[in-house]
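Close look at the chain arrangement
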Amino acid sequence: MRVAAALVIAIAGCAPGAEDAPAAVDDRAGYEHGHELVKQYQCGQCHLEDASQTCSGCHRRITRGAEAGVPTFVGEEEFGVTQLERWRQDLVNMRELPTLHAVGKLMRSDWIEGFLLEPHDLRPRLGATMPRLAISPEEAHDMAAYLAAVETSAPYFRDERLGAWWDPYPPLGPGDREHGGALFEAQGCGVCHRFTGARSQPPWAVGGNVSRALMLAPDLRYTRDRFRREVLVPWLLEPTHFKADAAMPRFGLDYGDARDVAAYVMTEPLEPLAQRAAPPRLPPLDRPVGFQEVYQKVFAKICIHCHGQPSLAFDDGGPGLRGGFGFPAVELSFVGYEQMLAGYVTLDGKRRSVFAPDADGTPHLVAVLLARQHEEAGDRGELRGMPLGLPALQPEQVQLIETWVAGGHPY
Amino acid sequence: MRKPAAIVLVLAGVLGVGGTAHHDAVACGALFLPPPESPAAAARRAESLVSMGFFDEAARVVAQTTGARFRSVKPGALDEPLYEVLAEVIVRSGGRAELGEGWPSATDYERNHHVAWAVDTLEAIAAADPSPAGTSPRTLTALGVGLSKSYGREAEARMLLEALAADDLVTNAWGWAALARLRDAAGERDGAEEARRRCTLMTVEAICGAAARAPVPAAPDVEPPRIGGGGIGS
């Protein structure tokens, strides 16, 4: 890490006046603090796919366990092949997740900082999004400083011609935006990428087998704020030189074409984001709903991952039970009826029923589910929505739970 | 699916008597020997059985896993969830569950003795709970049920269960049934009916009506103990 930090300082120092030079990490304490915070907030749960005891590692083993070179899923002994196969069929979210490899080479520190504080849907196909963590601005600054200092060294180019082109801080010339836009369309960039707000919205592939590249493709609307400007052209030319596991393919562009595409992505005028509405809240069903139905359709599929299935979460019950992602333990378990009725621990250390009404009278369990729907629509209230970092429940799923709660939450 | 059939299937699943052998089972000639179940897995299975009211089966799971170890309560062993499950079995069944050899439950004396052991155990678990929010409502509900079945401790039970009920944290039907009985005994008919209503929402067991109206426990008889060496709590 010290080498990486030194390199950042060195690179920044060699490029006076560079428009988007990464901030020099002159705050050693902040850098170290950022490193600790990255561990404390368990960024690796989602961004370290080769670690076994993480959300992403577990899901990767479930989905790709049969592939050569991927270790057998550790739970196979306990759960059995049939169970694993069922998971493989059911698993929707977090099949693919972006790693943090080379984040410092590619991303702007100020964008990372802002994204940690105000996460939004960056990868439209991914389902999972960066969760709303309880990070203070100071912590976000230090975490961003740390992440921006990871792997910032200049890439090694096997292609001498490309190496000769490499300039750490080339001015991003005006390029030919119109030509870049035409190339963008001709190369089929829109098959994977959305470019929200661009005048000519590229056709976005729907359906079919969604590949890793499609899942991880970011909305290019954010690229101008997110990417270090000086690396965009080289990235377009040779993605894997920056990031060994890059899902972005190499298109064989020449330098001029890459610069034109970069000009299009970075300077294309964008319409303001359209206001989105949260889905409608459906009235309660006119039939009784019992716990078993809610459990099978919602709790057992989603909630127990974080709330209290020790055998699924490496014997700690998950972050929603024992604490994690920087949150203290709330001791809320969805593994069974009685466990759930035991409620949760509030931030001020008191036990509270999940059915207790919030200030507006909405039962807390329902309120957090609705809050997640509103978060997805861009409306971030004080209440943190659940499921954290995962797609909001469908209106019909919320309706089912509301009906169950309104009926006295029977077994 | 009709209810009896469904119950049989659920029970078969929880008891692990399905048609497929565990894939780690060891073949020994024609005999398949399943690997020993971990205490945590046994506790989860026993918990499921308890929640469904299959007390004897739950007790058997605990007995198979712990052997004779649960005959003596040692503070250091209280973090084992099996103890709590066993205490749950005892308080919910009023000490009637078939606990196995060394745990006779034919007489009131023996049953009361079991309940007393369970209450002691639950109190020790509650005291050892590291949660900043205090003891889990599940433990407290079980303790409330146990106290309600302990002679002379009904007032404690009432206080405990009322506090849980006020926060909607009574975690099972047995807790509401005990509260209904205690409110009945205090002549609070409306409150008792409300507790019975909450009870019936939580279970199909016939514990909310007749059992909830059962009289408060009588003073323990003075029958000499039938429990031999190594009995509960010895």
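Details of the structure are given in the entry above.
What counts and what doesn't
Residues numbered from 1 in each chain as written. Chains lettered and ligands numbered in written order. Predicted model: local features only at pLDDT ≥ 70, side-chain atom pairs only at ≥ 80, totals over all residues. Heavy atoms only, no water. Helix = DSSP H or I, 4+ residues; strand = E, 2+ residues; numbered from the N terminus. Buried < 20%, exposed > 50% of the residue type's maximum accessible area, 1.4 Å probe, protein only. Contact = heavy atoms within 4.5 Å. Areas by Shrake-Rupley, 256 points an atom, 1.4 Å probe, with all protein chains shown as cover. Phe/Tyr/Trp six-rings, centres within 6.5 Å; stacked < 30°, edge-to-face > 60°. Lys NZ or Arg CZ within 6 Å of the ring centre and 35° of its normal. Buried area = accessible area lost by both parts, 1.4 Å probe. Salt bridge = Lys/Arg side-chain N within 4 Å of Asp/Glu carboxyl O. Expected span 1.5 Å × (residues − 1). Disulfide = S-S within 2.5 Å.

**A closer look at the overall build of chain A**
Regarding its fold elements, chain A presents 20 helices and 2 strands. Buried positions account for 51% of the 411 residues belonging to chain A. Summarising the internal contacts of chain A: among those between residues at least 6 apart in sequence, 66% fall at separations of at least 24. When the accessible area of chain A is evaluated, it comes to approximately 19,500 Å², of which 54% is carbon and sulfur surface.

**A look at the packing of aromatic side chains**
Residues and elements named next belong to chain A. Within this structure, the stated rule accounts for 16 aromatic pairs over all chains. When the ring of Phe 291 is compared with that of Phe 299, the centres are 6.2 Å apart and the planes differ by 45°; the resulting orientation is tilted. A network of ring pairs unites the aromatic residues Phe 291, Tyr 295, Phe 299, Phe 334, Tyr 337, Phe 355, Trp 404 and Tyr 411 as a single cluster. Across from the ring centre of Trp 111, 5.4 Å away, lies the NZ or CZ of Arg 226, which sits over that ring.

**A closer look at the interface of chain B and chain A**
Listed as interface residues are 24 residues of chain B and, on the opposing side, 25 residues of chain A. Carbon and sulfur atoms make up 50% of the surface buried where chain B meets chain A, a total of about 1,800 Å² over both sides. If you look at where chain B meets chain A, you find 1 salt bridge. Note that B:Arg92 is salt-bridged to A:Glu338, the shortest N-O span being 2.5 Å.

**Side note on helix 7 (residues 154–166) of chain B**
The periodicity of an α-helix, 3.6 residues per turn, causes residues three or four places apart in sequence to face the same way. Residues and elements named next belong to chain B. For helix 7, with 13 residues, the first-to-last C-alpha span of 18 Å sits near the 18 Å given by 1.5 Å per residue. Among all positions of helix 7, only Glu 154, Ala 157, Arg 158, Leu 160, Leu 161, Leu 164 and Ala 165 are buried. Along its buried surface, helix 7 packs onto helix 6 (137–148) and helix 8 (173–185). Count one or two residues on from helix 7 and you reach Asp 168, which has phi positive near 55°.

**Comments concerning the state of the cysteines**
One covalent bond between the sulfur atoms of two cysteine residues makes up a disulfide. Residue and element names in this part refer to chain B. As enumerated under the stated definition, the model contains 1 disulfide over all chains in all. Note that Cys 199 is cross-linked by a disulfide to Cys 208, the S-S spacing being 1.9 Å. Taking the sign of the S-S torsion, about -75° here, the bridge from Cys 199 to Cys 208 comes out left-handed. Residue Cys 199 is classed as buried on the basis of its relative accessible area, which comes to 0%.

**A look at unusual backbone geometry**
Residue and element names in this part refer to chain A. Residue Met 386 is joined to Pro 387 through a cis peptide bond whose omega torsion reads 5°. Notably, Phe 325 is not glycine yet its phi reads approximately 55°, a positive angle. Its place among the elements puts Phe 325 in the loop between helix 17 (319–322) and helix 18 (337–341).

**Notes on the environment of A:Gln45**
Tracing the backbone shows A:Gln45 in helix 3 (residues 44–47). Separated by 328 residues in the primary sequence, A:Gln45 and A:Gln373 have C-alpha atoms spaced 23 Å apart.

**So, the pattern of salt bridges**
Under the criterion given, the structure shown has 28 salt bridges over all chains. Salt-bridge contacts for A:Glu268 lead to A:Arg177; the nearest nitrogen and oxygen are separated by 3.7 Å. Taken together, the positions of A:Glu268 in the loop between helix 15 (255–267) and helix 16 (291–299) and A:Arg177 in helix 10 (residues 177–186) put the pair 91 residues apart, joining distant regions of the chain. For A:Glu268, a relative accessible area of 3% corresponds to the buried category. Given the relative accessible area of 28%, A:Arg177 is considered partly exposed. Linking A:Asp245 and A:Arg212 is a salt bridge whose minimum nitrogen-to-oxygen distance equals 3.9 Å. Residue A:Asp245 is located in the loop between helix 14 (239–242) and helix 15, and its partner A:Arg212 is located in helix 11 (residues 212–216); the two are separated by 33 residues in the primary sequence. Judged by its relative accessible area of 18%, A:Asp245 is buried. Here A:Arg212 falls in the partly exposed class, since its relative accessible area comes to 25%. Beyond isolated ion pairs, a larger network of salt bridges with shared partners links B:Arg158, B:Glu162, B:Arg183 and B:Glu188.

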